[in-house]
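# Inside the fold
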Amino acid sequence: MSNRRKVEYASLQRVLMTAEGDKPGVFEELLGFRPSTASFKGVHLMNDLAQTVLGGAPAHGGNFLCKVIRPDADAAERTGEAAMRKDKEFSAPFGRAFPKELGPKRVRALRCAAQLVTNFDGGLYKAGDSMASGLVTHRSLLGFEGFRRLKIGQYLAQTLAEDGRARLRSLFVEDGDPITRALRPLLLDAPLVDKVARADLPAPAAFDLALGRGLSTLLGQGLSKPVALRLLALAASLGVILKVIGVGREGGRPLVLALSPEQEGPVMLLREEAVISLERGFEEFYGAVAARLPAHPEGPGIWQRSKSGGLEFEVTGGLPLEEVAVEILNAARKLAFKSKGDDAQDAADGAGQTERAIYWPERFVYGLGRRTGCVLPRGNKAGWGKRLALTPEHVEALVLMVVPRGETMLWKDFWRVVRDRFGVVVGANASADARELRQSGVPHLNVQHLAANADALLAQAVRRGVARRLPDSGAEVGGTLS
């Protein structure tokens, strides 16, 4: 008789994601947030973070803006000009924004212009639905964010220093930026309402504290509002990704090789090493998950099976949960990612209602990284796997996170700090970087190829204006070099 034991996929889901009574699952216990979607974007992150530091969104939930930018919606939505002038809630602000004297043709043109500005990515829906616009950066225009349940904004707000939180609050009050000035007639002030209960988050790890200091330093650089918010979105998104792959390491700090996206010549040879580096991060994460499973209050529930005949998989029987936790996770992930679809987020978990029972954190990482440009390739048809990449804007954001306003730092020193604080290596200190990567399980690293990767990133940074080459063949970085 085979010494095997069946585990129901849905029972594992209850422990990993959301336990009974909406208690945190193991993923949330370790991370402080829920990576339970592959559709998360930087705009969701920023809206969540803004509402966390502000204390909510206006009571109207952005519905006035949603109605204004839908002049051609069907009659049921009642967003035509005549209907808006009779709207019980918004007739007065609509009349102030669009006086009758303008005439129907001009009113419609202005409404379509507002639609073009705020809804270029289709993120604003009809009134009453959760909405998110990447260009709506004033508190009076915010709408209730549907992804706030993931608690990513709460995690980031906790890491920020108080001066960083204060600066971010002030940015969402300022109305002098071009977008807010253009939409000034649509600013509808109202009491702030927070629909998301604040959670008790895990004590911040060393990585969390470093990330918060970095984001606060970026916010203190004296940048214009649009630039500051865009770079904050990129930096925070990268930070959340690094948080996931660093959980299993000391202090929560990952160790991951990041490549220049402008890969030419020998830099291409580092692709496999970069893929392995990212995979090692996930292995460390799931090692921490496996260690946490037996201690979770719902851990014994893994062995419970329903009578509905859900999707199951087999593991070694006759052993305590502590000894088979890694096997359980490996078997469940293998089942989840057995599809050969274009990307992990499209892989089928199985059949029927259990198809997407568990949102594995790598789906979240790949989805967010793909949308913000720091995880390549965008698809997976070539079968190479995913790797971390740093666009010129990501390098700029890292510079502004590390080097205070008005100061400079040598190129090699800068990347040494980035490695020690955030766990990202690029080869600027090639021998030391190679040694650390090898110790973390990335073999066959070529020091010359690492140095070439760092040179490619330096060229990006010079073009971006945050680095310059020095006469002695060195280089320095800073936010005011251009």
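Going by the structure above, here's the rest.
Residues numbered from 1 in each chain as written. Predicted model: local features only at pLDDT ≥ 70, side-chain atom pairs only at ≥ 80, totals over all residues. Heavy atoms only, no water.

Attention shifts here to the layout of surface pockets. One number sums up the size of the largest pocket: a volume of about 690 Å³. Those elements that place two or more of their residues in the lining of the largest pocket are α3 (42-54), α12 (225-246), α15 (361-372) and α16 (392-402). Of the residues assigned to the lining of the largest pocket, the class counts are 11 nonpolar, 8 polar and 7 charged. (1 Å grid on protein atoms, 1.4 Å probe; cavity = no way out; pocket = protein on both sides within 12 Å on 5 of 7 lines; lining within 4 Å. Points joined across faces, edges and corners; volume = space filled by probe spheres on them. Helix = DSSP H or I, 4+ residues; strand = E, 2+ residues; numbered from the N terminus. Nonpolar A, V, L, I, M, F, W, Y, C, P; charged D, E, K, R; others polar.)

Moving on, we come to empty space enclosed by the protein. Evaluation of the coordinates by the stated rule reveals 2 cavities of 30 Å³ or more. If you add up the space inside the largest cavity, you get close to 70 Å³. What lines the largest cavity is simply I245, R249, P254, L255, V256, S277, R280, G281, E284 and S440. No other element matches helix α13 (residues 271-292), which puts 4 residues into the lining of the largest cavity. Split by residue class, the lining of the largest cavity holds 4 nonpolar, 3 polar and 3 charged. Of all elements in the fold, only α12 and α16 reach the threshold of two or more residues within the lining of the second largest cavity. A total of 4 residues in the lining of the second largest cavity trace back to one element, the largest contributor, which is α12.

Let's shift gears to helix α17 (residues 411-422). The terminal C-alpha atoms of α17, which comprises 12 residues, lie 16 Å apart, in line with the 16 Å expected from a rise of 1.5 Å per residue. Residues W411, F414, W415, V418, R419 and F422 constitute the buried set of α17. Around the axis of α17, the buried residues are gathered within 135° of arc, so they sit on the same side. Once α17 finishes, G423 follows within two positions and takes phi at roughly 80°, a positive value. (Expected span 1.5 Å × (residues − 1). Buried < 20%, exposed > 50% of the residue type's maximum accessible area, 1.4 Å probe, protein only. Arc of directions from axis to C-beta.)

Following the sequence through the fold, E250 ends up in the loop between α12 and β4 (256-259). Measuring from C-alpha to C-alpha, the distance between E250 and A206 comes to 8.6 Å, with 44 residues separating the pair along the chain.

Quick look at the sheet that holds β4 now. Across the sheet, 4 strands lie side by side as β6-β7-β4-β9; this open sheet has mixed pairing. Each end of this open sheet is capped by a strand with a single partner; those strands are β6 (375-376) and β9 (424-425). Contacts between α13 and the sheet are confined to β4 and β7 (387-389), with β4 contributing the most and set at about 140° to the helix. (Pairing = 2+ DSSP bridges. Contact = heavy atoms within 4.5 Å. Axes fitted to C-alpha atoms, helices over the stretch in contact; angles between N-to-C directions.)

The full count for this structure, using the stated rule, is 14 aromatic pairs. Aromatic side chains W411 and W415 sit 5.7 Å apart centroid to centroid with 80° between the ring planes, which places their arrangement in the edge-to-face category. Of this pair, W411 and W415 are both found in helix α17, 4 residues apart, which corresponds to roughly one turn of the helix. Neither W411 nor W415 differs from the other in exposure class; each is buried. On the basis of an interplanar angle of 65° and a centroid distance of 4.8 Å, the ring pair of F414 and W415 is categorised as edge-to-face. Classification of F414 as buried rests on a relative accessible area of 0%. Taken together through their ring pairs, the aromatic side chains of F33, F40, F147, Y155 and F364 make up a single cluster. Against the face of F144 rests K195, its NZ or CZ located 4.1 Å from the ring centre. If you follow K386 out to its NZ or CZ, it ends over the ring of Y366, 5.9 Å from the centre. (Phe/Tyr/Trp six-rings, centres within 6.5 Å; stacked < 30°, edge-to-face > 60°. Lys NZ or Arg CZ within 6 Å of the ring centre and 35° of its normal.)

Here the focus is the pattern of salt bridges. A complete count under the given rule lists 29 salt bridges for this structure. Put simply, E314 and R4 hold a salt bridge, and the shortest N to O gap is 3.9 Å. Of the two residues, E314 sits in strand β5 (residues 312-316) while R4 sits in strand β1 (residues 4-8), which places them 310 residues apart along the sequence. Using a relative accessible area of 41% as the deciding quantity, one classes E314 as partly exposed. For E393, the salt bridge identified is with R464, shortest N-O distance 3.4 Å. On the criterion of sequence distance, the pair formed by E393 in helix α16 and R464 in helix α19 (residues 447-464) is long-range, its members being 71 residues apart. Taking the relative accessible area as the measure of exposure, R464 reaches 38% and is therefore partly exposed. Bridged by salt links that share partners, the residues R253, R419, D420, D433 and E436 form one connected network. (Salt bridge = Lys/Arg side-chain N within 4 Å of Asp/Glu carboxyl O.)

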